[in-house]
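# Survey of secondary and tertiary structure
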Amino acid sequence: MNENNDNKEVSLVGLTREEIKDSLIKFDIPDQQINMRVNQVWGWIYNKGVSSIDEMTTLSLGLREELKKHHNLNRPVISDEQTSEDGTKKWLLKFNDGSEIETVFIPDDERGTLCVSSQVGCTLNCTFCHTGTQRLVRNLSSQEIISQVVVAKDSLEEWCEEPRKITNIVMMGMGEPLYNYDSVRDALHIVMDNEGLALSKKRITLSTSGVVPEIVRTGNEIGCLLAISFHATTDEVRNNLVPINKKWNIEKLLNALRTYPGLSNSQRITFEYVMLKDINDSDSDAKRLVKLIAGIPAKINLIPFNPWPGSPYNRSTKKRIDSFAKIVNRAGYASPVRSPRGEDIMAACGQLKSESLKLKKN
């Protein structure tokens, strides 16, 4: 793994096509060759996953030497890597300023899902979420978001391999993606580029706790699948579990979801619902839930609460979860119960947290 250095070189990993083009223009490349060179650099980074500019053999030796004066292909440093008994992997990644985030890979029989972070820490303070107990340090740049994918592909030795190990990406790691909208959008455009990482927008899910003004914009400018951290059926309960509800309540959130671009039975919204004993898991809650989302093409992911040290909540019993699921199913909604993954390495949903520098947030 390449170490971050202290010079003024800028890593090419995570740059957009336009940013790479702006860099190459400085090297007196003929105008008619610029786009070709951009495509070559792009392919080496995002298709072949090279870790050294010297490996970009379709570029002339002179151009490679010029590139090396200003750029590198450094990734963030892996501070720690853990593998769960169920195969889940978690990486603690450190950036140049010393701040850290966690990224998780969840393998399954038919797919592998990479859970990517968008912020260092979080500002939402959701009371059931371990990440919410950590202050927001700062937003991640689009480079830092993409670098998580690159590090995972390095570690999994996935470059140029078929079938893919990473088949899906979820923006469900540390932070609220829609509070870092521009960087998340730019990063996901790189992920979806057909000549690079080449993941379909239908294999990318962005999870938000309900930043209402950015929801329709997400559909128009990114077009990925949308997941909502819902977790309650009344404003009173959701105000406590998901404090952003005080700003944009359930009614405002659902109104925004009904106008999400591209919404259909083949592109449904996922409602994430963590099951908390005696808090939000009654039959009455289930009946309210299906009434609230009536008319929205949706599925409901029921998530058994994943405990973490000092948490004030307990996981709903299996019997209670099953009863809740039956009510939702009878209303015509798919309601899979998510199996906890990576609990033994604190990599399960709601457990991510890193001990990062408490920098002044941007």
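For the structure, check the block above.
Every chain's residues receive numbers from 1 upward, in the order its sequence appears when written. Under the rules for a predicted model, residues below a pLDDT of 70 receive no local features and side-chain atom pairs below 80 are neither given nor counted, while totals for whole chains, interfaces and linings still include all residues. Side-chain metrics in this entry use all non-hydrogen atoms of the structure; hydrogen atoms and water are not considered.

### Some remarks on unusual backbone geometry
Note: most peptide bonds trans; most residues except glycine with negative phi. If you check the backbone angles, aspartate 28 has positive phi at about 55 degrees while not being a glycine. For histidine 231, which is not glycine, the phi torsion reads 70 degrees and is therefore positive. Inspection of the secondary structure assignment puts histidine 231 in the loop between strand S11 (225-229) and helix H7 (235-241). Buried, partly exposed and exposed residues are distinguished by accessible area as a fraction of the type maximum, computed with a 1.4 Å probe on protein chains only: under 20%, between the cut-offs, and over 50%, respectively. Residue classification places histidine 231 among the buried residues on the basis of a relative accessible area of 4%. A run of H or I in DSSP counts as a helix once it spans at least four residues, and a run of E counts as a strand once it spans at least two, with each numbered from the N terminus.

### Observations concerning the packing of helix H4 (residues 142-156) against helix H5 (residues 181-192)
Relative placement of two packed helices is described by the angle separating their axes and the distance separating the axes. Here, axes are lines fitted to C-alpha atoms. For helices the fit covers the stretch in contact, and angles between N-to-C directions go from 0 to 180 degrees. Where H4 contacts H5, the axes come no closer than 8 Å and their chain directions differ by 40 degrees. In terms of their interaxial angle, H4 and H5 are classed as oblique. Seen along the crossing, H4 lies across H5 with a hand that is right-handed. Of the residues in H5, those touching H4 at Ser142, Ile145 and Ile146 are Ser183, Val184, Asp186, Ala187, Ile190 and Val191. Each angle receives one of four descriptions, namely roughly parallel if under 35 degrees, roughly antiparallel if over 145, roughly perpendicular if within 65 to 115, and oblique otherwise. A clockwise turn of the near helix away from the far one marks a right-handed crossing, whereas an anticlockwise turn of less than a right angle marks a left-handed crossing. In this analysis, two residues are considered to be in contact whenever any of their non-hydrogen atoms come within 4.5 Å of each other.

### Description of the pairing of S11
In terms of burial, S11 is a largely internal element, five of the five residues being buried. Residues Leu225, Ala227 and Ser229 line one face of S11 and the alternating positions Leu226 and Ile228 line the opposite face, and both faces are buried. Note that strand S10 (residues 204-208) and S11 share four bridges and pair parallel. Within S11, the position partnered with threonine 205 by the bridge is leucine 225. A right-handed crossover is one whose linking path, passing over the helix from the first strand to the second, runs clockwise when the strands point away from the viewer. For the crossover from S10 across helix H6 (residues 212-221) to S11, the handedness is right-handed. Strands are treated as partners if at least two bridges between them are detected by DSSP.

### What to know about the sheet that holds strand S4 (residues 89-94)
Spatially, nine strands are ordered S3-S4-S5-S6-S9-S10-S11-S12-S13 in an open sheet, and the strand pairing comes out mixed. This sheet does not close on itself; its edge strands, each paired only once, are strand S3 (77-83) and strand S13 (298-304). Across the sheet, the axes of successive neighbouring strands diverge by a mean angle of 20 degrees, strand direction being ignored. Here three bridges tie S11 to strand S12 (residues 269-275), and the two strands are oriented parallel to one another. Within S12, the residue paired with serine 229 across the bridge is glutamate 272.

### Topic: the packing of aromatic side chains
In summary, the pairing rule links any two rings of Phe, Tyr or Trp, Trp by its six-membered ring, whose centres are within 6.5 Å, and it sorts them by plane angle into stacked for under 30 degrees, edge-to-face for over 60 and tilted for everything else. Enumeration over the complete set of coordinates arrives at four aromatic pairs. Taken together, a centroid distance of 4.7 Å and an interplanar angle of 65 degrees make the contact between tryptophan 42 and tyrosine 46 edge-to-face. In this pair, tryptophan 42 and tyrosine 46 both sit in helix H2 (residues 31-46), four residues apart, roughly one turn of the helix. Judged by relative accessible area, which is 1%, tyrosine 46 ranks as buried. Relative to tyrosine 313, the ring of phenylalanine 305 lies with its centre 6.3 Å away and its plane at 80 degrees, an arrangement referred to as edge-to-face. Accessibility assignment for this pair places phenylalanine 305 and tyrosine 313 in one class, buried. A ring is scored as having a charge over it whenever the NZ atom of a lysine or the CZ atom of an arginine sits within 6 Å of its centre and within 35 degrees of its normal. Note that lysine 153 overlies the ring of tryptophan 159, its terminal NZ or CZ placed 4.7 Å from the centroid.

### Let's talk about the packing of H5 against H6
Where H5 meets H6, the axes come as close as 11 Å, and the angle between the chain directions of the two elements is 20 degrees. Compared by their axis directions, H5 and H6 come out roughly parallel. By crossing handedness, the relation of H5 to H6 is classed as right-handed. Contacts from Tyr181, Asp182, Arg185 and His189 of H5 reach H6 at Glu214, Arg217, Thr218 and Glu221. Of the residues in the contact of H5 with H6, the class split is one nonpolar, two polar and five charged. Residues are sorted three ways: Asp, Glu, Lys and Arg are charged, Ala, Val, Leu, Ile, Met, Phe, Trp, Tyr, Cys and Pro are nonpolar, and all the rest, Gly among them, are polar.

### Looking at the environment of tryptophan 308
The residue tryptophan 308 is located in the loop between S13 and helix H10 (318-330) in this model. Taking relative accessible area as the criterion, tryptophan 308 reaches 8% and is therefore assigned buried. Sequence separation between tryptophan 308 and lysine 287 is 21 residues, and the spatial gap between their C-alpha atoms is 29 Å.

### Observations regarding H2
The periodicity of an α-helix, 3.6 residues per turn, causes residues three or four positions apart to be oriented the same way. Relative to the 22 Å expected for 16 residues at 1.5 Å per residue, H2 spans 23 Å between its end C-alpha atoms, a close match to the ideal helical length. Those residues of H2 that sit buried are Ile34, Arg37, Val38, Gln40, Val41, Trp42, Gly43, Trp44, Ile45 and Tyr46. Looking at the buried positions of H2, the neighbouring elements they touch are helix H1 (17-25), helix H3 (61-70), H4 and H5. Here the expected length of a helix is defined as 1.5 Å per residue gap, with one fewer gap than residues.

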